[in-house]
Structure formats: C-alpha cells, structure tokens
Amino acid sequence: MREQLEAIQAEALERISQTEDMKELQDIKVTYLGKKGSLTGVLRGMGKLSKEERPVVGEIANKVRESITAALDEKNEKLEQLQLEEQLEAETIDVTLPGRPVKVGGAHLLSSIVQELEDLFIGMGYEVREGPEVETDFYNFEALNLPKNHPARDMQDTFYITNELLLRTHTSPVQARTMQEYKGEKPVKMICPGKVYRRDTDDATHSHQFTQIEGLYVDKNVRMSDLKGTLDTFAKKMFGEDREIRLRPSFFPFTEPSVEMDISCKVCNGEGCSVCKGTGWIEILGGGMVHPKVLEMGGYDPEVYSGFAFGMGPERIAMLKYGVNDIRQFYTNDIRFLKQYHKA
Ligand code: DAH
C-alpha cells in the first residue's frame, strides 16, 4: 500500500508541475483528492489492514494528501498571479500617447463681439434691452422725428409688411419704446443689440440683414461732452488705448446736433493707407444729442431732460478689429472662418 500511495503522490506531483491551466489543475484535484479520487480509493481499503499497519499507512496517506494539497495550492497561486500579470499587460494604458482632440463648439464671432460690447456698456451703467424686429411705422420712424413723407426715410430702404408694419431698419425704435415705458419719470441708460433689415443688395459691405447696437442716455444735464467721453472710452476699450477719436458733423433726424465718429487708423497710425483710404481715419458710428422732439414724443420734457444717442454696427466693428473683408462671412457660417475666432 505504501508503494501505491507513493506512486499516487509522484504521479500527482508530476501532473501538477506540468500543467499551466487552471481548469486542468481543478481536474487533477478531483482525480486524486475527490470523493472518487485515487487517494480516497486507497484510504477506503485501509479497513483491511492490520491494527499495527493502519496508523503507519494512515500517517503516510496524510502526508501524501498534504503534499498534493500544498502543491495544488502553490500552483494555483502561481497561475492566478500569471493570469493577473497577463491581464495587466493586456490592459496597460500608455498615458504618454497624445489624446484624441475633443471637438467643442464656440461662440460665433458676431455673438462674441456683441457680448463684448454689452459687457463694456454694462460696465458703464447701461442696461441691455430688446425690441421687436417686426416694428410699427410709428416706432421705426415717426417717434424718431421722421414723419410720413420725410425725405430722410429714403436713407434706409425699408421692407414693408403692410403700410403700418415693417421690418425695423435700425435699433433706434427701442429708444422710443424705452422712453415711453419709463414715462418721462426716470433717467434712461440703455443699449439695445439686435437684428435690423434693409432693402440692400448684398455685397462685401452690405447685407439685407445685419446687426446694430443702439445706445441712449437721457437724464438731467447730459451734455455733448458726455457723449464724447463715452465714445472715447468705448473706442479705446474696443480698439486699443492708443486710438484717438474725432467727431464730424452729420445729420440724423433723431439727433441735433448729429455726429459721426471716426477712430484713428490702426494700420497706418493716422498716416493714411489703403484701409482708411488715405485719410488716417475710419468711420465707426453715428450719434448725437437726442432731438427735443424725440424726447417730447418719448414723454420727456426737453426743458428738463437732455440726452445723447448712438448707433453702431457690430459687424463693421468686428471687420475692423479682425480684418474681415466681407460682411457675408458672418452669415454663411463657413466653419473654417468661424473656428479662427473660437476662444479656447
Ligand atoms: N439709426 C442710425 C442708422 O441706422 C444710427 C444712429 C445714428 C443711431 C445716430 C442713433 C443716432 O441713435 O443717434 O443709421
């Protein structure tokens, strides 16, 4: 029996040492130590042994079981370790590889410019207001001192919907709407960005739909110098501290006196170049002191209140600031154009 046990031990240990497979290791365990296993079979036959032989063989059998069990455990541990190593190897991430770029959108250049202008004027105490794009003839023209048949209506070719309804040609009607809402009782300090429409033929500098920002400040003792100071601050913040402004006399029915504001050309520093057409100055916006009739129609007593107003085109500002040479680029949404202005 001793030889039988030793043979079982040798065979089991040999098979354990040979295998590299967990499943096979499990089979080996069943073959030798299982209920129907060969070691168990031998132990069952111990009943036939004499009293003296039994403890001796029993001891050997225990040692055989222990050594097989120990070899199984050891191998099992080794295979588990190996499996873990293989898994780690397979799942290794090379953290030094460059990542795949994540595509993110960004604000449209026009939106960023409007946002920037809003922030600038909010910083000077202005509120941001809105008005309808489908406007009445009254707010778009009459309340701004442009009665029916006034020749200055021709300055803005209009899309009429009916005789009384139109697509607003400028954001100025929001001046009239705001004054009316405030009932002549408190100061007004507002800007209004928004879309406007004109019957123009589209080309590099014209579009039938574009954007404007209107500004209005009405209070007691508002003077022309306040307008100049405000526009100067705006120009320097938007185009650089070294920019100069100049005001030229102009005409708008809703302001008196009226001005147009130029900034000194950044390209040639006032020397004269192709960008400023040799003048050294670039036209930016229109403005002036609110006409007494406009104040009156808005419900403000022109003897008590005065104000200034201005209107500018964010597209033009963006074109000058970033050297965009065709206004249509803002609306055709070529991603290659837009992407250049996405802020990181
Ligand atoms: N509404 C004018 C335009 O579209 C721009 C403008 C000029 C607005 C003078 C004003 C202003 O408020 O005072 O051409």
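Structure's up top.
Counting starts from 1 at the beginning of each chain's written sequence and moves along it residue by residue. Only residues with pLDDT of at least 70 get local features here, since the model is predicted, and only at 80 or more are side-chain atom pairs given and counted; chain-wide, interface and lining totals rely on the full set of residues. In computing side-chain properties, one takes all heavy atoms of the structure into account and sets aside hydrogens as well as water.

Chemist: Outline the overall build of the protein chain, listing residues and values.
Modeler: Helical segments are the DSSP runs of H or I of at least four residues, strand segments are the runs of E of at least two, and each set is numbered from the N terminus. For the protein chain, the count of helices and strands is 12 helices and 9 strands. In summary, the protein chain has a C-alpha radius of gyration of 44 Å against a globular reference of 20 Å for 344 residues, an excess of more than 25%. For the C-alpha atoms alone, the extent of the protein chain along its principal axes is close to 135 × 50 × 40 Å. Only protein chains enter the accessibility calculation, which uses a 1.4 Å probe; a residue is then buried when its area is under 20% of its type maximum, exposed when over 50%, and partly exposed in between. Here the protein chain holds 344 residues, and the buried ones make up 42% of them. Here, two residues are considered to be in contact whenever any of their heavy atoms come within 4.5 Å of each other. Relative to all contacts within the protein chain whose residues are 6 or more apart in sequence, the contacts with residues 24 or more apart total 67%. When charges are counted, Lys and Arg contribute as positive and Asp and Glu as negative, whereas His and the chain ends are disregarded. Here the site of a charge means atom NZ of a Lys, CZ of an Arg, CG of an Asp or CD of a Glu. Counting 44 positive and 56 negative side-chain charges, the protein chain places the centres of these two groups 3 Å from one another. With C-alpha atoms as the basis for the radius of gyration, the globule rule is written as 2.2 Å multiplied by the number of residues raised to the power 0.38.

Chemist: How would you sum up the packing of helix α5 (residues 109–122) against helix α10 (residues 314–322)? Please name residues and give values.
Modeler: Look at α5 against α10: their axes get within 10 Å of each other, and the N-to-C directions meet at 100°. Taken as axis vectors, α5 and α10 run roughly perpendicular relative to one another. Facing Leu 109, Leu 110, Ile 113, Val 114, Glu 116 and Leu 117 of α5, the residues of α10 in contact are Pro 314, Glu 315, Ile 317, Ala 318, Lys 321 and Tyr 322. Only the contacting stretch of a helix is used when fitting its axis, a line to C-alpha atoms as for every element, and angles between N-to-C directions run 0 to 180 degrees. Any angle from 65 to 115 degrees is called roughly perpendicular, while one under 35 is roughly parallel, one over 145 is roughly antiparallel, and all others are oblique.

Chemist: Please provide a residue-by-residue account of the environment of Lys 293, values included.
Modeler: Within the secondary structure layout, Lys 293 lies in helix α9 (residues 292–297). A residue is classified by how much of its surface remains accessible, and Lys 293, at 47% relative accessible area, is partly exposed. Taking the C-alpha atoms as reference points, Lys 293 and Met 155, 138 residues apart in sequence, are found 20 Å from one another.

Chemist: So, the side chain of Asp 326: which residues are in play, and what are the values?
Modeler: Along the polypeptide, Asp 326 turns up in the loop between α10 and α11 (329–332). The term polar contact refers here to a pair of N or O atoms within 3.5 Å; inside protein, the definition further demands a hydrogen-donor-capable atom paired with an acceptor-capable atom, and it admits residues adjacent in sequence only when both atoms are side-chain atoms. Here the side chain of Asp 326 touches Arg 328 through a polar contact of 2.9 Å, side chain to side chain.

Chemist: Residues and numbers for the site of the ligand, please.
Modeler: If even one non-hydrogen atom of a residue comes within 4 Å of a molecule or strand, that residue is called near it. The immediate surroundings of the ligand are formed by 16 residues, with His 170, Gln 175, Arg 198, Gln 212 and Glu 214 found nearest. Residue Gln 212 places a side-chain N or O atom 2.8 Å away from an oxygen atom belonging to the ligand. In this structure, Ala 309 approaches the ligand through a main-chain N or O atom, which is 3.3 Å from an oxygen atom. For the shell around the ligand, the secondary structure elements donating two or more residues are β5 (209–219), β8 (281–290) and β9 (306–312). Gly falls in the polar group here, along with every residue not listed as nonpolar (Ala, Val, Leu, Ile, Met, Phe, Trp, Tyr, Cys, Pro) or charged (Asp, Glu, Lys, Arg). A class-by-class count of the residues in the shell around the ligand yields 4 nonpolar, 10 polar and 2 charged.

Chemist: Tell me what's going on with the environment of Cys 268, and back it up with residues and numbers.
Modeler: Summarising the element assignment, Cys 268 is placed in the loop between β7 (255–264) and β8. In this structure Cys 268 comes out as buried when scored by relative accessible area, which is 13%. Excluding residues that lie within four positions of it along the chain, Cys 268 makes contacts with Cys 273, Cys 276 and Gly 280.

Chemist: Which residues make up the packing of helix α8 (residues 224–239) against α10, and what are the values?
Modeler: Taken N-terminus to C-terminus, the directions of α8 and α10 make an angle of 45°; their axes are 11 Å apart at the nearest point. If you check the angle between α8 and α10, you find them oblique. Mapping the contact onto sequence places Phe 234, Met 238 and Phe 239 in α8 and Ile 317, Leu 320 and Lys 321 in α10. Split by residue class, the contact of α8 with α10 holds 5 nonpolar, no polar and 1 charged.

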